[in-house]
Amino acid sequence: MLFKMKKDILTGEITDKLVFQNRRKIIKAVTATAMASFIPASMSAQIKKYAEIPLGPYSASLQVTDIEYVKNYTNYYEFTTNKNDSTILSKALKTSPWSVTVEGEAEKTGVFNLEDILKTNPLEQRIYRFRCVEAWSMVVPWIGFPLANMLKQFKPTSKAKYVEFTTIYNPNVMPGQRGTALEWPYLEGLRMDEAMHPLSLMATGMYDDELANQNGAPLRLVVPWKYGFKSIKAIVKIRFSETMPATAWNKAGPNEYGFYANVNPEVPHPRWSQSRERILGASIFTPKRNTEKFNGYGAQVASLYSAMDLKKYF
Amino acid sequence: MRLSKVQWAVIKVIVFILCLMPFLLLLMDTIQDQLGANPIETLHFRLGDWALRFLCIGLSLTPLRKLLKQNDLSRFRRMLGLYAFFYASMHFLVYIVLDLSLSWEAFVDEVPKSPYILVGLLTFILLIPLAVTSTKAMQKRLGKKWLTLHKLVYVAGVTAIVHYLWLIKTLTIEAIFYASLMFVLLAYRLFTYFKARRLCF
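The model shown is predicted, which means the values in this text are computed figures rather than measured ones.

1. Focus on the overall build of chain A
Consideration 1: Along the backbone of chain A there are 11 helices and 12 strands.
Consideration 2: Relative to its full complement of 314 residues, chain A shows a buried share of 40%.
Consideration 3: A separation of at least 24 residues holds for 70% of the contacts in chain A among residues at least 6 apart in sequence.

Rendered as structure tokens:
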């Protein structure tokens, strides 16, 4: 393990279970009291679920993007192709209770409650750069746990060469899934060594709080050296496989969106340059930032691709 | 409609202000910092949307005039056409000045890699001679050539749609709407062209 697991923090500093289970009632009660006494409601909305989570390794010391921008600028095609509207539309998604089905080349397969997964995977905060294939970027303080920790618990066999993730499929609450923007459900995948890399994160929160639905609640992937579409939202299934999974964007545009999708300014998208990126929340007079290879994580991940032609395997 | 010169002037001023509203609203949103997470993109897209909308509105005047038998509609052709050019110019300027930060290096890197930007530039270039020759004096000076020159707007209509369809990641309802509308507006011209020459129908 390249990083320390801070188990001691879990018991002492995490929100009391009773408080947690009744958090909605508590927030409501506090808000109601505040409203009654004419205290601005914003002052009472300070109960953040993950306020005490420690900063983990690999966090970049960067200025984080304003939370309002991260919450209202999302690509969630299951709901809409509009980055703004997914905020409201995604409120219809019920994220609790939540379970994850584990299948394929592993010893421990089956259906697991998210709560049980969280019990054995201590949370930490990671401040990561996030670079979208559309050439914009942001810096997000995620709350989550290393993907490797969880995957090891399922004991993948020697045949497991790849891991595939699936987003929830529920066209009743996800109007975009009734359309054909992409082939549903959304699928993403990583090579096993990528998945086991300590930078790969399973996120359950951001900005000291639970993930908002539009940001992929209750469980999403974060792979900071790859384009954002690899970081699949609302995961319900994990499958270990011997063959490379057919991923959603790759199926939609095989010559535009590769399986690897590593951030790379030297390999343009067939329709636009990837040399620069727009920083979300910056003023209109701020020039674009030069995109870094592997989104700035080259020192940690470049060795995974040392024998590969990145122009061919984009 | 039988209206006096003054009444028409008043109506034109009202239409002028209405057409300027999207720009004023955008300006207000900019000043009040209401453009969201990606303000340059918002400016750029909203101006592009309005350029396309005014191109469509301008191109629908002739069919509507004939369909509704309202010849007065042609009074607004110049203004609406110039508004299409105005919004296209602002769309272009936001790209050059804000998105590329006037960087030549960024321009030569981005533009050749983006066929849809090239088509967008072409659309803008096609509209320039039309805006320049939009005055009554130019119309008189060019005579018959003026009409021929202004058929370029049909080409601009096609390239504007190509520009739009080429840049989006997946086909959206809006894109289908504008592409279909433009198809109908241009098909109408083809139809009247062939009909006038008795080539078919």
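2. Remarks on helix α3 (residues 77–99) of chain B
Residues and elements named next belong to chain B.
Consideration 1: Taking 1.5 Å of rise per residue, 23 residues should cover 33 Å, and α3 covers 31 Å from first to last C-alpha, within 8% of that figure.
Consideration 2: Listing the buried residues of α3 in full gives L80, G81, Y83, A84, F85, Y87, A88, H91, F92, V94, Y95 and D99.
Consideration 3: Those residues of α3 hidden inside the fold are in contact with α1 (5–31), α2 (39–68) and α5 (115–132).
Consideration 4: Just beyond α3, the residue with positive phi is S101, at close to 50°.

3. Concerning the sheet that holds strand β6 (residues 187–191) of chain A
Residue and element names in this part refer to chain A.
Consideration 1: Read across the sheet, five strands follow the order β2-β1-β10-β5-β6 without closing on themselves; strand pairing throughout is mixed. The two strands at the open ends of the sheet, each matched to only one other strand, are β2 (110–113) and β6. Sheet twist, expressed as the mean angle between neighbouring strand axes with direction ignored, is 20°.
Consideration 2: Where strand β5 (residues 162–167) meets β6, five bridges bridge the pair, whose relative direction is antiparallel. Bridged to V163 within β6 is L190.

4. Observations concerning the packing of α2 of chain B against α3 of chain B
Residue and element names in this part refer to chain B.
Consideration 1: Between α2 and α3, the least distance of the axes is 8 Å, while the angle of their chain directions is 160°. Accordingly, the angle class assigned to the pair α2 and α3 is roughly antiparallel. In the packing of α2 onto α3, the handedness of the crossing is left-handed.
Consideration 2: A class-by-class count of the residues in the contact of α2 with α3 yields 18 nonpolar, five polar and two charged.

5. Focus on the interface of chain B and chain A
Consideration 1: Taken together, the contact between chain B and chain A spans 19 residues of the former and 20 residues of the latter.
Consideration 2: Ranked by residue count, the leading element in the side of chain B that touches chain A is helix α4 (residues 104–113) of chain B, at four residues.
Consideration 3: Its residues assigned to classes, the side of chain B that touches chain A shows eight nonpolar, seven polar and four charged.

6. Topic: the pairing of strand β1 (residues 99–104) of chain A
Residues and elements named next belong to chain A.
Consideration 1: Two elements, β1 and β2, share four bridges in a ladder whose sense is antiparallel. The partner of S99 across the bridge, within β2, is N113.
Consideration 2: Between β1 and β2, which pair antiparallel one after the other, the connecting turn spans five residues.
Consideration 3: As judged from the four bridges shared by β1 and strand β10 (residues 235–241), these two strands associate in the parallel manner. Opposite E103, over in β10, you have R239 as the bridge partner.

7. Section: the environment of F23 of chain B
All names here are of chain B.
Consideration 1: By secondary structure assignment, the location of F23 is in helix α1.
Consideration 2: The class of F23 is partly exposed, set by 16 C-beta atoms lying within 10 Å.
Consideration 3: Separated by 23 residues in sequence, F23 and R46 place their C-alpha atoms 9.1 Å apart.

8. So, the nonpolar core
Consideration 1: With 71 residues, the main nonpolar core has W142, L147, M202, A203, L221 and I235 of chain A as its most contacted residues.
Consideration 2: Per-element accounting of this core gives the leading share, six residues, to strand β4 (residues 136–146) of chain A.
Consideration 3: Leaving out residues up to four positions away in the same chain, I235 of chain A has contacts with V100, F165, T166, T167, L219, R220 and L221 of chain A.
Consideration 4: Counting 31 residues, the second largest nonpolar core, distinct from the first, contains L43, A51, F85 and M182 of chain B.

Criteria and thresholds
Residues numbered from 1 in each chain as written. Chains lettered and ligands numbered in written order. Predicted model: local features only at pLDDT ≥ 70, side-chain atom pairs only at ≥ 80, totals over all residues. Helix = DSSP H or I, 4+ residues; strand = E, 2+ residues; numbered from the N terminus. Buried ≥ 20, exposed ≤ 12 C-beta atoms within 10 Å, placed from the backbone. Contact = placed C-beta atoms within 7 Å. Expected span 1.5 Å × (residues − 1). Pairing = 2+ DSSP bridges. Axes fitted to C-alpha atoms, helices over the stretch in contact; angles between N-to-C directions. Parallel < 35°, antiparallel > 145°, perpendicular 65-115°, else oblique. Left-handed = near helix turned anticlockwise from the far one by under 90°. Nonpolar A, V, L, I, M, F, W, Y, C, P; charged D, E, K, R; others polar. Core = buried A, V, L, I, M, F, W, Y, C linked by C-beta atoms within 7 Å.

Such coordinate-based values are descriptive only and should not be taken to indicate function.
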